[in-house]
Amino acid sequence: MSPPSLCPLLAILSTRHPPSAGRLLQLHAHLLTAGLMSSRSPFPLASRLVEALAHSDDPRHSPRPLLHALALLASLPTPPDSASPYNAALRALSLCTDRGLVTRCLPLYCSLLRSARPDHLTFPFLLKACARLQERNYGNAVLGNVLSLGFHADVFVVNAAMHFLAVCSSMAEARKLFDGSHVRDLVSWNTLIGGYVRRGVPREALEMFWRMVGDGAVTPDEVTMIGVVSGSAQLRDLELGRRLHGYVESHGVRCTVRLMNVVMDMYIKCGDLERAKSVFEGIDKKTIVSWTTMIVGYAQFGLMDDARKVFDEMPERDVFPWNALMTGYVQCKRGKEALRLFHDMQEAMVEPDDITMVNLLSACSQLGALEMGMWVHHYIDRRRVSLSVMLGTNLVDMYSKCGNIEKAIRVFKEIPEKNALTWTAMISGLANHGHADVAIKYFQRMIELGLQPDEITFIGVLSACCHAGLVKEGQEFFSLMVSKYHLERKMKHYSCMVDLLGRAGYLDEAEHLVNTMPMEPDAVVWGALFFACRMHGNITLGEKAAMKLVELDPGDSGIYVLLANMYAEANMRKKADKVRVMMRHLGVEKVPGCSCIELNGVVHEFIVKDKSHTDIAAIYDCLHEITLQIEHTANMIDTSMLLAEPCKIVID
DNA sequence: TTAGGGTTAG
């Protein structure tokens, strides 16, 4: 076939309106049969076929034509001497959601360098891929090529380079490029503003925005506004967020769904649910993101019934709204509903992801649902080669909270890359199981490894000291967290210390701490002090603590009961009776105690004197039997055993 | 051809 006769075919293979992938594959098969793909002469045809295939379908949804294009490109007897087919493939690969496909950009660029010269289209695609893959070294080498080939004045290349630096290197590097560049457009500003927001430095982003507005060379568009409105949400600055929303409306910025979703998210984060709702209602064509954002909004305000209603009204759902609703249930401590939602999710054939698993494990921890937690563990094991640090941490926490500390330790040791959160979960687990010495050793090991403890790590360490009565060590940690680790002491740290000092009988020191702490003590702090007073028979201080507790929550029956018990223990019958009369007089009712147990994956709840369970007779028979056995065992037990460690745990 | 939104552990 002579070159002129190829023209009609070349015209068909347009990248703007390519034929369907099926037709292109058919055409390729015909050309192969006709022997037109083996010689050097039809090279433009092969190149155009690659380009058309790479443009034919959206590679995020159907990567097959792209894979075919790559195979075709690799099979050509003589590689193309033009960058175009490579660019087409790089463009499509850089769009893919599958990381494995994006990675293929790197060897493809090497092939390009062997046979052709990169052009102004090559670098934006390639740098985008490097940014997505976090390929810092490779990207830096590419930037070297940009300079040596003289593309540093191309605004598309410079913007892509800025984006790469913002993602993989530092904002300082990206900013240096921006400041030193003679070619700037709207995308340059947006790249920088978006970079600052992504890096969590919204103030810099806003400074750039006001400079951009003042500069006047470019006009902010919806992408700019997405950046700055997200920035105001990060700052939790409602006034600023409203001002930016006002700017959008007064300056005719296109109110795209994406922008409106961000505006909603800003109002939610800044605590204005009503405005978020009104923005949501104003969106014409709501996307799954709009619906999900509204679910998150209601959930954050604890309005789970409204969140559920939005979820039920959604016309279509992906994994995000399922996870958002499940997160809401978990955060509102409604673990049972989170588990129920997971069953619905399975029935709806929605593939759960890591976040679903994280939520499930948190729900299991709340409910003490060990069997379900183990099922989740098996599920994770089946689907993964290695355990991610986030899931691993959650598993450690779940096993600890569901009572199996040995298993928690085994999982901890299996996590290939542990972070400070993983160590904290392990330390807290050990502390709560009474293994104070081991918890402290784990803390020391964590520090040796160079990990930075935070406020929650210290809650774990202090509660370890508290459980073991290690007053001196506890005081040292309490002081160290400020002097060495520059952490702020929160309410929980003070309640731990009051508990530690009080239990050990240092009531004066505990009271002094309560009186001098920098925030108003909460019920947990006063409760710890009250408990210590009752334990050590300090009625005067106990009364003071109890009064504070009543002040903080007059409707809580628990404290009246405990106060009456304290008087009774101190043989102060009259005062005990007075408290009970006061309870009746004030109309305080004792809230019935509730406990739950998981059996064959079903969580059963029991309330005091509740007889509604179908197997209640058998349950009470069993309970009676257990009580008898405990009494019998208690009479037989050697008290020295109580002092022994329940199980021996060592660090490797 | 470059920039941009929703779920995430202790």
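A quick note: this is a predicted structure, and the numbers were derived from the prediction, not measured.

1. Thoughts on the overall build of chain A
Right, so step 1: Looking only at helices and strands, chain A has 37 helices and two strands in total.
Right, so step 2: Taking the principal axes of the C-alpha coordinates as reference, chain A spans close to 110 × 60 × 50 Å.
Right, so step 3: The proportion of buried residues among the 652 residues of chain A is 45%.
Right, so step 4: Of the contacts formed within chain A by residues at least 6 apart in sequence, a portion of 61% connects residues at least 24 apart.

2. Some points on the UniProt feature "repeat: PPR" (unreviewed entry) in chain A
Right, so step 1: Taking the numbering used here, the UniProt-annotated feature "repeat: PPR" (unreviewed entry) corresponds to residues 185-219, 287-321 and 419-453.
Right, so step 2: Split by type, residues 287-321 is 74% helix and 0% strand. Its first and last C-alpha atoms lie 11 Å apart.
Right, so step 3: Spanning residues 419-453, this segment combines 74% helix with 0% strand, and its end C-alpha atoms are found 10 Å apart.

3. Some details on the protein's contact with DNA strand B
Right, so step 1: Taken together, 46 residues form the shell around DNA strand B, and within it Asn159, Asn190, Asn261, Asn323 and Asp454 come nearest.
Right, so step 2: Taking all atoms of DNA strand B within 4 Å of the protein, the share assigned to sugar and phosphate is 36%.
Right, so step 3: Contact distances for DNA strand B include 2.5 Å between a base nitrogen and a side-chain N or O atom of Asp454.
Right, so step 4: Residue composition of the surface near DNA strand B, grouped by class: 21 nonpolar, 17 polar and eight charged.

4. Observations concerning the nonpolar core
Right, so step 1: By size, the foremost hydrophobic cluster in this structure holds 207 residues, and its most contacted members are Leu49, Met225, Met426, Tyr442 and Leu529.
Right, so step 2: A per-element tally of this core places helix H10 (residues 155-168) first, with nine residues.

5. Comments concerning the packing of helix H7 (residues 105-115) against helix H8 (residues 122-133)
In helix packing, the relevant descriptors are the interaxial angle and the interaxial distance, both defined with respect to the helix axes.
Right, so step 1: Put simply, H7 and H8 touch, their axes get as near as 10 Å, and they point 150° apart. On the basis of the axis angle, H7 is roughly antiparallel to H8. Considering how the two elements wind past one another, H7 and H8 form a crossing that is left-handed. Counted together, Cys105, Leu106, Tyr109 and Leu112 of H7 and Thr122, Phe123, Leu126, Ala129, Cys130 and Leu133 of H8 form the full contact between these two elements.

6. Looking at the pattern of salt bridges
Right, so step 1: Counted under the stated rule, the structure contains 18 salt bridges.
Right, so step 2: A salt bridge links Arg383 to Glu351, with the shortest nitrogen-to-oxygen separation between them at 2.8 Å. Linking Arg383 in helix H23 (residues 370-383) with Glu351 in the loop between helix H21 (335-347) and helix H22 (354-367), this pair joins segments that are 32 residues apart in sequence.
Right, so step 3: Overall, Arg383 belongs to the partly exposed group, its relative accessible area being 38%.
Right, so step 4: The exposed category is assigned to Glu351, whose relative accessible area is 56%.

7. Re helix H19 (residues 304-313)
Right, so step 1: Here H19 has its buried residues at Met304, Ala307, Val310 and Phe311. Seen end-on, H19 carries its buried residues on one side only, within an arc spanning 120°. In H19, the exposed positions angled more than 90 degrees off the buried face are occupied by Asp305 and Lys309.

8. Some details on helix H27 (residues 436-448)
Right, so step 1: With 13 residues, H27 extends 18 Å from end C-alpha to end C-alpha; this agrees with the ideal 18 Å at 1.5 Å per step.
Right, so step 2: Taken together, the buried positions of H27 are Ala436, Val438, Ala439, Ile440, Tyr442, Phe443 and Met446.
Right, so step 3: On its buried face, H27 sits against helix H25 (405-414), helix H26 (420-432), helix H28 (455-468) and helix H29 (471-483).

9. Focus: the environment of Met446
Right, so step 1: Considering the arrangement of structural elements, one finds Met446 in helix H27.
Right, so step 2: In this structure Met446 comes out as buried when scored by relative accessible area, which is 0%.
Right, so step 3: In sequence terms Met446 and Gln134 are 312 residues apart; their C-alpha atoms lie 28 Å from each other.
Right, so step 4: Leave out the neighbours within four places in its chain, and Met446 touches Ala420, Trp423, Thr424, Ile427, Leu451, Gln452, Pro453 and Thr457.

What counts and what doesn't
- Residues numbered from 1 in each chain as written.
- Chains lettered and ligands numbered in written order.
- Predicted model: local features only at pLDDT ≥ 70, side-chain atom pairs only at ≥ 80, totals over all residues.
- Heavy atoms only, no water.
- Helix = DSSP H or I, 4+ residues; strand = E, 2+ residues; numbered from the N terminus.
- Buried < 20%, exposed > 50% of the residue type's maximum accessible area, 1.4 Å probe, protein only.
- Contact = heavy atoms within 4.5 Å.
- UniProt positions renumbered as here; feature names shortened; annotations may be inferred.
- Near = heavy atom within 4 Å.
- Polar contact = N/O pair within 3.5 Å; in protein donor to acceptor, adjacent residues only side chain to side chain.
- Nonpolar A, V, L, I, M, F, W, Y, C, P; charged D, E, K, R; others polar.
- Core = buried A, V, L, I, M, F, W, Y, C linked by side-chain atoms within 4.5 Å.
- Axes fitted to C-alpha atoms, helices over the stretch in contact; angles between N-to-C directions.
- Parallel < 35°, antiparallel > 145°, perpendicular 65-115°, else oblique.
- Left-handed = near helix turned anticlockwise from the far one by under 90°.
- Salt bridge = Lys/Arg side-chain N within 4 Å of Asp/Glu carboxyl O.
- Arc of directions from axis to C-beta.
- Expected span 1.5 Å × (residues − 1).

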